[in-house]
Amino acid sequence: LFSVVRQCAVQDRLVKQGTWERYGGCPRWSLHGRALGLVGFGLIARLVIKKLGGYEMDVLAYDPFVDEETMQSAGARKMELDELLKASDFVSLHCPLVDSTRHLMGEEQFRMMKERSILINTSRGPVVDEQAMIRALSEEWISAAGLDVLDPEPPSADNPLLKMDQVVITPHI
């Protein structure tokens, strides 16, 4: 999330190419006071809330297996997935890969998201319909993505995500 928000990959590449443009490449997003949507509400999602505590974010959560009281005690507001996607500035995926979550994020879900929103996937690659995500990024239904997982891994050399400046990819670390 921080790498995408601060555009670290883009800034690193520009500096290495000889461009030192501190203000021209300012981040396009801010975390403070924004809405963070967590899809899946296990231990990792709860730790994300703690790590982002100083940013005073409105934390929204979707997990059909976790009750509202548990979410509230961790600092999140329980929502249905559609509501969360429409309301979130950042959507972070933390759900397991099971039949019901395969391609949980598809074209319909990306179209619900805000145009300036960012998708973060640290769960499993197949939770996201990668072709729908590529289209969402290319056609600017969403602004950016931070991906620690893909489908398949590693990606093929001609995967369009590898050429998108608004996408940060790490090798499932």
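Just so it is clear, the model here is predicted, and its values are computed rather than measured.

Conventions and cut-offs
Residues numbered from 1 in each chain as written. Predicted model: local features only at pLDDT ≥ 70, side-chain atom pairs only at ≥ 80, totals over all residues. Heavy atoms only, no water. Phe/Tyr/Trp six-rings, centres within 6.5 Å; stacked < 30°, edge-to-face > 60°. Helix = DSSP H or I, 4+ residues; strand = E, 2+ residues; numbered from the N terminus. Lys NZ or Arg CZ within 6 Å of the ring centre and 35° of its normal. Core = buried A, V, L, I, M, F, W, Y, C linked by side-chain atoms within 4.5 Å. Buried < 20%, exposed > 50% of the residue type's maximum accessible area, 1.4 Å probe, protein only. Contact = heavy atoms within 4.5 Å. Arc of directions from axis to C-beta. Patch = residues over 30% accessible without salt bridge, like charges linked within 9 Å, V, L, I, M, F, W, Y side chains within 5 Å. Areas by Shrake-Rupley, 256 points an atom, 1.4 Å probe, with all protein chains shown as cover. Salt bridge = Lys/Arg side-chain N within 4 Å of Asp/Glu carboxyl O. Lys, Arg positive; Asp, Glu negative; His and termini not counted. Charge placed at Lys NZ, Arg CZ, Asp CG, Glu CD. Pairing = 2+ DSSP bridges. Right-handed = clockwise from strand over helix to strand, strands pointing away.

A. Spatial organisation of the packing of aromatic side chains. Under the counting rule described, the total for this entry stands at 1 aromatic pair. Ring plane angle 45° and centroid distance 5.8 Å describe the contact between Phe-2 and Tyr-55, whose orientation is recorded as tilted. Pair noted here: Phe-2 is in helix 1 (residues 2–5) and Tyr-55 is in the loop between helix 3 (43–51) and strand 2 (58–62), with a separation of 53 residues, a long-range link. The ring of Trp-141 has Arg-111 sitting right over it, with the charged end atom 3.8 Å from the ring centre.

B. Structural detail: the nonpolar core. One finds Val-39, Phe-110, Leu-119, Met-133 and Leu-161 to be the most contacted residues of the largest nonpolar core, which totals 32 residues. Counting only elements with at least two residues in this core, the list comes to strand 1 (35–39), strand 2, helix 5 (81–87), strand 4 (90–93), helix 6 (107–112), helix 7 (130–138) and strand 6 (144–147). Phe-110 has contacts with Met-105, Leu-119, Val-128, Asp-129, Ala-132, Met-133, Ala-136, Trp-141 and Ile-142, leaving out every residue within four places of it along the chain. Residues Val-4, Val-5, Ala-45 and Ile-49 belong to the second largest nonpolar core, which totals 22 residues.

C. Just helix 3, in detail. Among all positions of helix 3, only Ala-45, Val-48 and Ile-49 are buried. Along the axis of helix 3, the buried residues cluster in a sector spanning 100°; they form a single face. Facing away from the buried surface of helix 3 by more than 90 degrees, the exposed residues are Leu-43, Ile-44, Lys-50 and Lys-51. Of the surrounding secondary structure, the elements contacted by the buried residues of helix 3 are strand 1, strand 2 and helix 4 (68–74).

D. Spatial organisation of a negative patch on the surface. On the surface, a cluster of negative charge is contributed by Glu-80, Asp-82, Glu-83 and Glu-108. Positionally, Asp-82 belongs in helix 5.

E. Structural context of the sheet that holds strand 5 (residues 118–121). Within the open sheet, the 7 strands sit side by side as 3-2-1-4-5-6-7. Their pairing is parallel. With one partner strand each, in any of the chains shown, strand 3 (77–78) and strand 7 (167–169) form the two edges of the open sheet.

F. How the structure looks around the pairing of strand 5. Residues Ile-118 and Ile-120 line one face of strand 5 and the alternating positions Leu-119 and Asn-121 line the opposite face, and both faces are buried. Judged from the 4 bridges that link them, strand 4 and strand 5 form a sheet pairing that is parallel. Note that in strand 5 the partner of Leu-93 across the bridge is Asn-121. Handedness of the strand 4-helix 6-strand 5 crossover: right-handed. Sheet topology note: the strand 5/strand 6 ladder contains 4 bridges and is parallel. Across the sheet, the residue bridging to Leu-119 is Ala-145, located in strand 6. Regarding the hand of the β-α-β motif, the stretch spanning strand 5, helix 7 and strand 6 is right-handed.

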